[in-house]
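Here are the chains, one letter per residue:
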Amino acid sequence: AIDISADGKRILTSGSDETAKVVDMENDFSVATLNGHTDDVRGVAFSPDSHSCITASFDRTFRVWNVGNLDAPECIRTENGKVLLVNTVTFSPDGELVAVASDSL
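Residues numbered from 1 in each chain as written. Predicted model: local features only at pLDDT ≥ 70, side-chain atom pairs only at ≥ 80, totals over all residues. Heavy atoms only, no water.

S.K.: If you had to explain the nonpolar core to someone new, which residues and values would you point to?
M.R.: By size, the foremost hydrophobic cluster in this structure holds twelve residues: L12, A20, V22, A32, L34, V41, V44, F46, C53, W65, V67 and L70. Counting only elements with at least two residues in this core, the list comes to β3 (20-24), β4 (31-34) and β5 (41-46). (Core = buried A, V, L, I, M, F, W, Y, C linked by side-chain atoms within 4.5 Å. Buried < 20%, exposed > 50% of the residue type's maximum accessible area, 1.4 Å probe, protein only. Helix = DSSP H or I, 4+ residues; strand = E, 2+ residues; numbered from the N terminus.)

S.K.: Just give me the short version of the pattern of salt bridges, but keep the residues and values in it.
M.R.: The tally for this structure, following the rule as stated, stands at three salt bridges. With its nearest N and O atoms 3.9 Å apart, the salt bridge here joins E26 to K9. With E26 in the loop between β3 and β4 and K9 in the loop between β1 (2-4) and β2 (10-14), the pair connects residues that are 17 residues apart, well separated along the chain. (Salt bridge = Lys/Arg side-chain N within 4 Å of Asp/Glu carboxyl O.)

S.K.: Summarise the pairing of strand β10 (residues 98-102); cite the residues concerned and give the values.
M.R.: Of the pairings in the sheet, the one linking strand β9 (residues 86-91) to β10 comprises five bridges and is antiparallel in character. Each bridged residue has a counterpart across the sheet, and for T88 the counterpart in β10 is A101. Linking β9 back to β10 in an antiparallel pair, the connection comprises six residues, with G95 at a positive phi of about 75 degrees. (Pairing = 2+ DSSP bridges.)

Just distances and angles here, no functional claims.
Structure representation (structure tokens):
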């Protein structure tokens, strides 16, 4: 999965290496790696303000990250066992809610 921040300055990607990566398009393409999942990351999305993102994994968790500072990205919330096979994730337009779509809830 892949997402582009609303301001167009960052790209968020998922991977089969149990991580997601944030690429800063303005800062020499520097990369921040989001570690913490224990299986493939299948869904990613930036919040509308681009300071947070969500990742969802086959490890049956989704995580909300503070990515305002790419030198020190921080997982600020983890939800366990809520989803099985993730198809996609997204934030509401106001950034207050998260939606996760899966084959089984």
